[in-house]
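So you can see what is in the structure, the chains are spelled out below.
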Amino acid sequence: MYRVGFLTLEKGEKASERTEPLADLGYVQDKNMSFVHRSAEGDPGRLAKLAEELAQTKPDVLVAGWGTLAPKALKAVTTTIPIVFSTVGDPVGAGLVQTLARPGGNVTGLSGQAAEFKSKQLQLLLTCVPGQKVVGVLVNPDTPFSALAMKELRTAADQAGIRLELLEARRPADFTASRMDALVAAGATSLFVVEDPLTSNIRASVIDQANRLRLPIITAQSEYALAGALMAYGASQKERYRRAADYVDKILKGTSPGNLPVEQPTKFQLVINLKTANSLGLSVPPSVLAIADEVIE
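Heads up: these notes are all about the structure in this document. (Residues numbered from 1 in each chain as written. Predicted model: local features only at pLDDT ≥ 70, side-chain atom pairs only at ≥ 80, totals over all residues. Heavy atoms only, no water.)

**Topic: the overall build of the chain**
Piece 1. Looking only at helices and strands, one finds 12 helices and 12 strands in the chain.
Piece 2. Whereas a compact globule of 297 residues would reach a radius of gyration of roughly 19 Å, the chain reaches 20 Å, a difference of no more than 12%.
Piece 3. Principal-axis analysis of the C-alpha atoms gives the chain an extent of 60 × 35 × 30 Å.
Piece 4. Residue burial in the chain is summarised as follows: out of 297 residues, 54% are buried.
Piece 5. Considering only contacts in the chain between residues 6 or more positions apart, those separated by 24 or more positions represent 69%.
Piece 6. Of the accessible surface of the chain, which amounts to about 13,200 Å², a share of 49% is contributed by carbon and sulfur atoms.
Piece 7. Side chains of the chain give 32 positive and 31 negative charges; the mean places of these two sets differ by 2 Å. (Helix = DSSP H or I, 4+ residues; strand = E, 2+ residues; numbered from the N terminus. Rg over C-alpha atoms; globule rule 2.2 N^0.38 Å. Buried < 20%, exposed > 50% of the residue type's maximum accessible area, 1.4 Å probe, protein only. Contact = heavy atoms within 4.5 Å. Areas by Shrake-Rupley, 256 points an atom, 1.4 Å probe, with all protein chains shown as cover. Lys, Arg positive; Asp, Glu negative; His and termini not counted. Charge placed at Lys NZ, Arg CZ, Asp CG, Glu CD.)

Set out below in structure tokens:
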């Protein structure tokens, strides 16, 4: 009976959906696997205690849900139990691994880094919303991934002759209607959402405010597009959990996590919400529609 612990920060992250890839590999709850899930329900302050609780169950592997904070909390409570993170923007910058190729220690998993990823997102946004001079950016500056993302995004914006207007949010209360109004007053004509658990948790509020101000949104998370954002371009979260299950399988069969290279995303999905485009009076170019993996009408 293998024991697997799962720690998540994000509210909507369901354990049942995350065990499916393990079941596909032959690990079945209460048959040959004991799966324990703890969720901080969006409150980072709860992660340390929950991580300690999971470690005390003496699992064979610990799995961290999307984001950087959950795996950091797990690493803080054990240097011996293998840890697999499902998506971390900058694992090296976060201090989780030594290098992507040779993680070392007891931690490995899936990275959110990809070459020219933010540049491609900005290009898609400018193609669908032409004539822009200022793009608003919602970002949590406290995550290591944000520094990487903003560096690339600023380079891409400079090349396109675009000014970025930032709305920094470290906690949900930082995102307000008045700050969105200020973003528009500063000239922003669209909103670029840098993905992390915080911007995921406040998704409904972000979309409501963007709709109020008629701002097209682009981000990496397909859930945003499904909820009303103009578009999403990013790696498939379902695919990341499938790959994380492969890592768990290898570790349970004897592979050391320190010898498993951190995997970077290679498959990306483009989701276009035509209903939102029509409500904003935008015409999505046929060239973009042609490469979309999903079009919401």
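**Describing the pairing of strand β1 (residues 2-8)**
Piece 1. Of all 7 residues making up β1, 5 are buried, and the element is well covered by its neighbours.
Piece 2. As paired strands, β1 and strand β2 (residues 33-39) are joined by 7 bridges and run parallel to one another. Across the sheet, residue Val-4 finds its bridge partner in β2, namely Phe-35.
Piece 3. Pairing of β1 with strand β3 (residues 61-64), which is carried by 4 bridges, proceeds in the parallel orientation. Paired with Leu-7 across the two strands is Ala-64, which belongs to β3. (Pairing = 2+ DSSP bridges.)

**Topic: the sheet that holds β3**
Through backbone hydrogen bonds, the strands of a sheet pair up, either in parallel or in antiparallel fashion.
Piece 1. Reading across from one edge, β2-β1-β3-β4-β5 is the order of the 5 strands in this open sheet, with parallel pairing throughout. The open sheet has two free edges, formed respectively by β2 and β5 (107-111), since each of these has just one partner strand. In this sheet, neighbouring strand axes are inclined to one another by 20° on average, regardless of whether the strands run parallel or antiparallel.
Piece 2. Along the sheet, helix α2 (residues 47-56) makes contact with β1, β2 and β3, crossing β1 at roughly 180°.
Piece 3. Against the sheet, helix α10 (residues 237-252) makes contact with β1, β3, β4 (83-88) and β5, and its axis sits at roughly 165° relative to β4, the strand it touches most. (Axes fitted to C-alpha atoms, helices over the stretch in contact; angles between N-to-C directions.)

**A closer look at the nonpolar core**
Piece 1. Within the largest apolar cluster, 34 residues are counted, with the highest numbers of intra-cluster contacts made by Leu-122, Val-135, Val-137, Phe-192, Val-194 and Ile-272.
Piece 2. Every element with two or more residues in this core is listed here: α4 (117-128), β6 (134-139), α5 (144-160), β10 (231-235), β11 (268-273) and α11 (274-279).
Piece 3. Not counting chain neighbours up to four residues away, the residues in contact with Leu-122 comprise Val-135, Leu-153, Ala-156, Ala-157 and Phe-192. (Core = buried A, V, L, I, M, F, W, Y, C linked by side-chain atoms within 4.5 Å.)

**Observations regarding the side chain of Arg-240**
Piece 1. For Arg-240, the position within the fold is in helix α10.
Piece 2. Buried Arg-240, no salt bridge; nearest opposite-charge side chain is Glu-195, N-O distance 6.0 Å.
Piece 3. In this structure Arg-240 touches Trp-66, Ser-86, Thr-87, Leu-110, Gly-112 and Ala-235, once residues within four positions along its chain are discounted. (Salt bridge = Lys/Arg side-chain N within 4 Å of Asp/Glu carboxyl O.)

**Here's the deal with the pattern of salt bridges**
Piece 1. A full pass over the atoms with the stated rule returns 11 salt bridges.
Piece 2. The shortest N-O distance in the salt bridge between Arg-38 and Glu-53 comes to 3.3 Å. Separated by 15 residues along the polypeptide, Arg-38 in strand β2 and Glu-53 in helix α2 bring together distant segments of the chain.
Piece 3. With relative accessibility at 29%, the residue Arg-38 sits in the partly exposed group.
Piece 4. Here Glu-53 falls in the partly exposed class, since its relative accessible area comes to 29%.
Piece 5. One salt bridge connects Arg-243 with Asp-246, and the closest N-O pair in it is separated by 2.4 Å.

**Notes on the pairing of β5**
Across a regular strand the side chains alternate sides, sitting on one face of the sheet and then on the other.
Piece 1. Within β5, 5 of the 5 residues are buried, which leaves the element mostly enclosed by the surrounding structure.
Piece 2. Pairing between β4 and β5: 4 bridges, direction parallel. Note that in β5 the partner of Phe-85 across the bridge is Gly-109.

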